[in-house]
Amino acid sequence: MDDSANKEIVGKLESFGDELSPGTELCGRQYVIDSYLNSGGFGITYLARDSLGRKLVIKECFPGAICCRTAQTVRLRSKGGEVEFGKILEHFEREARALAELQHPYIVGVHQIFNDNDTAYMALDFIDGRDLLHVIEEEPDRLDPEQIKRILLNVLDAVAYMHDHDILHRDISPDNILLEVDNSPVLIDFGAARESASRVSRVLSKVLTVKDGYSPQEFYLAGSEQANSSDLYALAATFYHLVSGKAPTSSQVRLAAAAKKLADPLEPLSTDTIKGFDGYFLEAINRCLSIFPSERLQNAREWRDLIDTERRQRRLLEEARNDRNM
């Protein structure tokens, strides 16, 4: 599979002119940029190689609304942005260090954090795979219900682990879950640093940090309380799309309907229309897609236990044995 098959990690997008050119060396020649991958309001991502020739991904802190580039060096568009940029770098580095402590098979690994060109970088695993959005749009028959269930259970394990370390992803979506050749999922592109950056910068607060259809309604409100159930909403929206083939209705549209006491425009998943999945599986997705956080499942383990048939059967057998022994 060629390099263009990876999203953040694969999937080249159109260049916007702010990226480092191929051949650029970073971190004392430890890394060499191979190509531009993609960019957003807060950073630029590259495919690179290390000094041993191994592929990896480099993410550069580059908030384009307040930065520009002179040669390789990142410069501020205005001296008045020094304090903002300093705080953004601080959040980027703090987030990178927190992610570097996560050691989980279904979470992208962070190898190194370093400073160069007057900004910060992180070096990440290169994942040779396609993202779920590609699968939905280009390979709709690739996954059967049992494979989808296994992928979700694996991602739930990763999310539970992440939440145990007090980290919210804040950007779970089909394009941020990569599938390796054996369909093992890898969760990538955490959005916490972007969310933090938007809070400290008046300019960046105007940069949209949500994804319609996948972000819960609380992500649209500056300063709103965000919790584990916020990530669960985004994960449920992702698998709603995978299972049904339709992107979910925006949570903002749904919230507006609720305020007017109108019917929810999001059609719940049902065994009548979605074949191959049991009611527990579909109902857990529906529940996590509740527009109000208090009505959702509150943690990933609770969700996993509801849909893991083998785990549920073991628990029921154990409860039956306990009842007989009472």
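Here's what I pulled together on the structure shown here. (Residues numbered from 1 in each chain as written. Predicted model: local features only at pLDDT ≥ 70, side-chain atom pairs only at ≥ 80, totals over all residues. Heavy atoms only, no water.)

Read across the sheet, 3 strands follow the order 9-10-11 without closing on themselves; strand pairing throughout is antiparallel. The open sheet is flanked by strand 9 (130–131) and strand 11 (185–187), the only strands paired with a single partner. In this structure, strand 10 (residues 177–179) lies alongside strand 11, joined through 3 bridges in antiparallel fashion. Its bridge partner being in strand 11, Leu179 is matched across the sheet by Pro185. Most of the contacts of helix 3 (residues 145–164) go to strand 11, to which it runs at about 30°, and overall it touches strand 10 and strand 11. (Pairing = 2+ DSSP bridges. Helix = DSSP H or I, 4+ residues; strand = E, 2+ residues; numbered from the N terminus. Contact = heavy atoms within 4.5 Å. Axes fitted to C-alpha atoms, helices over the stretch in contact; angles between N-to-C directions.)

What follows covers the nonpolar core. If you look at the biggest cluster of nonpolar residues, it comprises 87 residues, and the most contacted ones within it are Ile58, Val159, Leu235, Phe239, Phe281, Ile285 and Trp303. Tallying contributions element by element places helix 3 first for this core, with 11 residues. Discounting chain neighbours no more than four positions away, the residues touching Val159 are Ile172, Leu187, Leu232, Leu235 and Ala300. (Core = buried A, V, L, I, M, F, W, Y, C linked by side-chain atoms within 4.5 Å. Buried < 20%, exposed > 50% of the residue type's maximum accessible area, 1.4 Å probe, protein only.)

On the secondary structure map, Arg150 appears in helix 3. Given a relative accessible area of 43%, Arg150 falls into the partly exposed group. Distance from Arg150 to Asn183, taken between C-alpha atoms, is 9.3 Å for residues 33 residues apart in sequence.

Under the criterion given, the structure shown has 3 aromatic pairs. Ring geometry for Tyr31 against Phe114: centres 5.5 Å apart, planes inclined by 25°, an arrangement best described as stacked. On the criterion of sequence distance, the pair formed by Tyr31 in strand 2 (residues 31–39) and Phe114 in strand 7 (residues 110–116) is long-range, its members being 83 residues apart. Measuring from ring centre to ring centre gives 4.9 Å for Phe277 and Phe281, while their planes differ by 20°; the resulting arrangement is stacked. (Phe/Tyr/Trp six-rings, centres within 6.5 Å; stacked < 30°, edge-to-face > 60°.)

Before going further, it helps to spend a moment on the sheet that holds strand 4 (residues 55–61). Strand order in this open sheet of 6 strands is 1-2-3-4-8-7, and the pairing throughout is antiparallel. Edge positions in the sheet fall to strand 1 (25–26) and strand 7, since each has one partner strand and no second. Strand direction decides the pairing type here: strand 7 and strand 8 (residues 119–125), joined by 6 bridges, are antiparallel. If you follow Ile113 over to strand 8, its bridge partner there is Met122. Here helix 1 (residues 82–100) sits on the sheet in contact with strand 4, strand 7 and strand 8, set at roughly 20° to strand 8.

Looking along a regular strand, one sees the side chains alternate between the two faces of the sheet. In terms of burial, strand 4 is a largely internal element, 6 of the 7 residues being buried. Taken together, the 7 bridges between strand 3 (residues 43–50) and strand 4 define a ladder with antiparallel strand orientation. Its bridge partner lying in strand 4, Tyr46 is registered against Ile58. The hairpin formed by strand 3 and strand 4 contains 4 residues between the paired strands, and Gly53 there has a positive phi angle of roughly 85°. Examined bridge by bridge, strand 4 and strand 8 share 5 bridges and lie antiparallel to one another. Considered in strand 8, the bridge of Lys59 is made with Met122.

Moving on: helix 6 (residues 251–259). All buried positions along helix 6 are accounted for by Ser251, Arg254 and Ala257. Projected onto a plane normal to the axis of helix 6, the buried residues spread over an arc of 120° and lie on a single side. At its buried positions, helix 6 is contacted by helix 5 (228–244). (Arc of directions from axis to C-beta.)

Packed helix pairs are characterised by how far apart their axes lie and by the angle those axes make with each other. Where helix 7 (residues 279–288) meets helix 8 (residues 300–307), the closest approach of the two axes is 8 Å, and the angle between their N-to-C directions is 155°. Taken as axis vectors, helix 7 and helix 8 run roughly antiparallel relative to one another. Helix-helix and strand crossings are classified by hand; for helix 7 and helix 8 the assignment is right-handed. Along the contact surface, helix 7 presents Tyr280, Phe281, Ala284, Ile285, Arg287 and Cys288, while helix 8 presents Glu302, Trp303, Leu306 and Ile307. (Parallel < 35°, antiparallel > 145°, perpendicular 65-115°, else oblique. Left-handed = near helix turned anticlockwise from the far one by under 90°.)

With that settled, consider the side chain of His163. Mapped onto the secondary structure, His163 falls in helix 3. On the basis of relative accessible area, His163 is assigned to the buried category, the value being 8%. In contact with His163, not counting residues within four places along its chain, are Leu168, Asn228 and Asp231.

The next subject is the packing of helix 5 against helix 7. The interhelical angle for the contact between helix 5 and helix 7, taken along N-to-C directions, is 130°, at an axis separation of 8 Å. Taken together, the axes of helix 5 and helix 7 lie oblique to each other. Viewed along their axes, helix 5 and helix 7 form a crossing whose handedness is left-handed. Across the interface between the two elements, Leu232, Tyr233, Ala236, Phe239, Tyr240 and Val243 from helix 5 touch Phe281, Leu282, Ile285 and Cys288 from helix 7. Of the residues belonging to the contact of helix 5 with helix 7, the class tally is 10 nonpolar, no polar and no charged. (Nonpolar A, V, L, I, M, F, W, Y, C, P; charged D, E, K, R; others polar.)

On to the pattern of salt bridges, then. Tallying each qualifying case throughout the model produces 16 salt bridges. One salt bridge connects Asp34 with Arg49, and the closest N-O pair in it is separated by 2.8 Å. Here the residue Asp34 occupies a position in strand 2, and Arg49 occupies one in strand 3, the gap between them amounting to 15 residues. Given a relative accessible area of 31%, Arg49 falls into the partly exposed group. Within this structure, Asp157, Arg304 and Asp305 form a network of salt bridges that share partners. (Salt bridge = Lys/Arg side-chain N within 4 Å of Asp/Glu carboxyl O.)

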